[in-house]
Amino acid sequence: MKKRLYNSFKIAFSMYSRIPMPNSEWTEENMSYAMCFFPLIGGVIGAILYGAYCLSLQAEFYGIELSHIFWTVLFVLIPLLVTGGIHMDGFLDTKDALSSYQSKERRLEILKDPHAGAFAIISCGIYMLSYVGIYSSLTIESVRIIALSFMISRAFSGLSVVTFPQVRKSGEGIVATFSENAADNVTKIVLTLYLILIGGAMLALGGIQGAAALVTAILVFGYYHHLALSKFGGVTGDLAGYFLQLCEILVALAVVVCNAMIG
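Residues numbered from 1 in each chain as written. Predicted model: local features only at pLDDT ≥ 70, side-chain atom pairs only at ≥ 80, totals over all residues. Heavy atoms only, no water.

**Some details on helix H5 (residues 86-100)**
Here's step 1: Taking 1.5 Å per residue, 15 residues should reach 21 Å; H5 reaches 22 Å between its end C-alpha atoms and fits that length.
Here's step 2: Across the 15 residues of H5, 12 count as buried, placing the element largely inside the fold.
Here's step 3: Of the residues trailing H5, tyrosine 101 is marked for its positive phi of about 55°. (Helix = DSSP H or I, 4+ residues; strand = E, 2+ residues; numbered from the N terminus. Expected span 1.5 Å × (residues − 1). Buried < 20%, exposed > 50% of the residue type's maximum accessible area, 1.4 Å probe, protein only.)

**Regarding helix H3 (residues 34-61)**
Here's step 1: In this model, H3 (28 residues) spans 42 Å end to end at C-alpha, consistent with the 40 Å of a helix rising 1.5 Å per residue.
Here's step 2: Directly beyond the C-terminal end of H3, a positive phi value near 75° is found at glycine 63.

**Section: the pattern of salt bridges**
Here's step 1: Evaluation of the coordinates by the stated rule reveals 2 salt bridges.
Here's step 2: Close ionic contact of glutamate 109 with arginine 106 constitutes a salt bridge, the shortest N to O distance being 3.2 Å. In this pair, glutamate 109 and arginine 106 both sit in helix H6 (residues 104-112), 3 residues apart, roughly one turn of the helix.
Here's step 3: Arginine 154 is the salt-bridge partner of glutamate 248, the closest N and O atoms lying 2.6 Å from each other. Taken together, the residues span a long stretch of sequence, with glutamate 248 in helix H12 (residues 237-262) and arginine 154 in helix H8 (residues 140-163) at a distance of 94 residues. (Salt bridge = Lys/Arg side-chain N within 4 Å of Asp/Glu carboxyl O.)

**Considerations on the environment of methionine 202**
Here's step 1: With respect to the secondary-structure elements, methionine 202 resides in helix H10 (residues 184-206).
Here's step 2: Among the residues examined, methionine 202 registers a relative accessible area of 0% and is labelled buried.
Here's step 3: Between the C-alpha atom of methionine 202 and that of leucine 148, which follows or precedes it by 54 residues, the distance is 7.2 Å.
Here's step 4: Not counting chain neighbours up to four residues away, the residues in contact with methionine 202 comprise Ile145, Leu148, Ser149, Ile152, Gly207, Gly210, Ala213 and Leu214. (Contact = heavy atoms within 4.5 Å.)

**Thoughts on the nonpolar core**
In globular proteins that are soluble, nonpolar side chains generally tend to be buried together.
Here's step 1: Within the largest apolar cluster, 72 residues are counted, with the highest numbers of intra-cluster contacts made by Tyr135, Ile146 and Tyr224.
Here's step 2: Broken down by element, this core gets its largest block of residues, 13 residues, from H8.
Here's step 3: Look past the residues within four positions of tyrosine 224 in its chain and what remains in contact with it is Ser160, Phe164, Val235, Leu239, Ala240 and Phe243.
Here's step 4: Counting 7 residues, the second-largest nonpolar core is a separate cluster that includes Ile11, Tyr33, Ala34 and Cys36. (Core = buried A, V, L, I, M, F, W, Y, C linked by side-chain atoms within 4.5 Å.)

**Looking at the packing of aromatic side chains**
Here's step 1: Per the counting criterion, the structure on display carries 19 aromatic pairs.
Here's step 2: Note on phenylalanine 156 and phenylalanine 243: the rings are 6.5 Å apart at their centroids and 90° apart in plane angle, and the pair reads as edge-to-face. You can see phenylalanine 156 sitting in helix H8 and its partner phenylalanine 243 sitting in helix H12, a full 87 residues away along the chain. The same class applies to phenylalanine 156 as to phenylalanine 243, namely buried.
Here's step 3: Feature note: the residues Phe91, Tyr127, Tyr131, Tyr135 and Tyr242 constitute an aromatic cluster, connected by ring pairs.
Here's step 4: Sitting over the ring of phenylalanine 232, arginine 107 keeps its end group 5.8 Å from the ring centre. (Phe/Tyr/Trp six-rings, centres within 6.5 Å; stacked < 30°, edge-to-face > 60°. Lys NZ or Arg CZ within 6 Å of the ring centre and 35° of its normal.)

**What about the environment of histidine 115?**
Here's step 1: Tracing the backbone through its elements, the reader meets histidine 115 in the loop between H6 and helix H7 (118-135).
Here's step 2: Look at histidine 115 and you get exposed, because its relative accessible area is 61%.
Here's step 3: Along the backbone, histidine 115 and aspartate 93 are 22 residues apart, and their C-alpha atoms lie at a distance of 8.7 Å.

**Overview of the side chain of serine 157**
Here's step 1: Tracing the sequence through the fold places serine 157 in helix H8.
Here's step 2: Overall, the relative accessible area of 3% leaves serine 157 in the buried class.
Here's step 3: Once residues lying within four places of it in the same chain are set aside, the contact partners of serine 157 are Phe38, Ala240, Phe243 and Leu244.

**Focus on the environment of glycine 125**
Here's step 1: For glycine 125, the position within the fold is in helix H7.
Here's step 2: Taking the relative accessible area as the measure of exposure, glycine 125 reaches 31% and is therefore partly exposed.
Here's step 3: C-alpha of glycine 125 to C-alpha of methionine 15: the two residues are 110 residues apart in sequence and 25 Å apart in space.

**So, a nonpolar patch on the surface**
Here's step 1: On the surface, Phe61, Tyr62, Ile64, Leu66, Ile69, Phe70, Val73, Leu77 and Leu81 cluster together to form a nonpolar patch covering roughly 930 Å² of accessible area.
Here's step 2: Of all the elements, helix H4 (residues 68-83) adds the most residues to the nonpolar patch, at 5 residues.
Here's step 3: Among the secondary structure elements, isoleucine 69 is positioned in helix H4.
Here's step 4: Residue isoleucine 69 is classed as partly exposed on the basis of its relative accessible area of 49%. (Patch = residues over 30% accessible without salt bridge, like charges linked within 9 Å, V, L, I, M, F, W, Y side chains within 5 Å. Areas by Shrake-Rupley, 256 points an atom, 1.4 Å probe, with all protein chains shown as cover.)

**Points about the state of the cysteines**
Here's step 1: Counted by the stated rule, this structure contains 0 disulfides.
Here's step 2: Residue cysteine 247 stays outside any disulfide, its sulfur separated by 16 Å from that of cysteine 258, the closest cysteine. (Disulfide = S-S within 2.5 Å.)

This is the structure we're talking about:
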């Protein structure tokens, strides 16, 4: 069992991050608990972000003159550097599909198209500039909550993989493959526990800010469920990535705005 869990851990990190991992064979047994470890990648991102923010405070304290925009851009790049942009790719493919205003079948074809359309490029620019604007207003209080958001977004995303209807048939996509091989009941319980624990930590650490983050994440998850079923007939890897990116930026926005209002 320990070996099985370790292999699932390695598969989750090798698939959804650029953190070096030992090789593991992608068998049904080894993949069965991979989604249980997905939120831990968010934990790594959050820890690095929090550490980088603390480093920026130390640099300022010791008179090391690095501009505010330098640190802000660094904070924005951390999730992309850790994940390799796999979720951003899904976000951009989804924006292309949604902006096409085509039939459901055509939208699904656009998701599979490896080429980036004009709407994807525009959306990428807007997204990154928005993130820079949001992260330029970080405080030590807000960054604690935002650090946790990388875990809660992945817990919700993983839950969608094992609960939402699948667009692709067995073996036709990453989400379908992970969903097919997941130990569903165990994975649902573990991901639900993540949500309870992370949500509780947000409330304990952030009070109103934590509540704003948690409510925002839940609302975005509800929107994601509606979007996936109404526009695409189910979930795909691209849609899961779209949700994750949307959830993270909107939670960060909610936390920063809430912090400004009560500060």
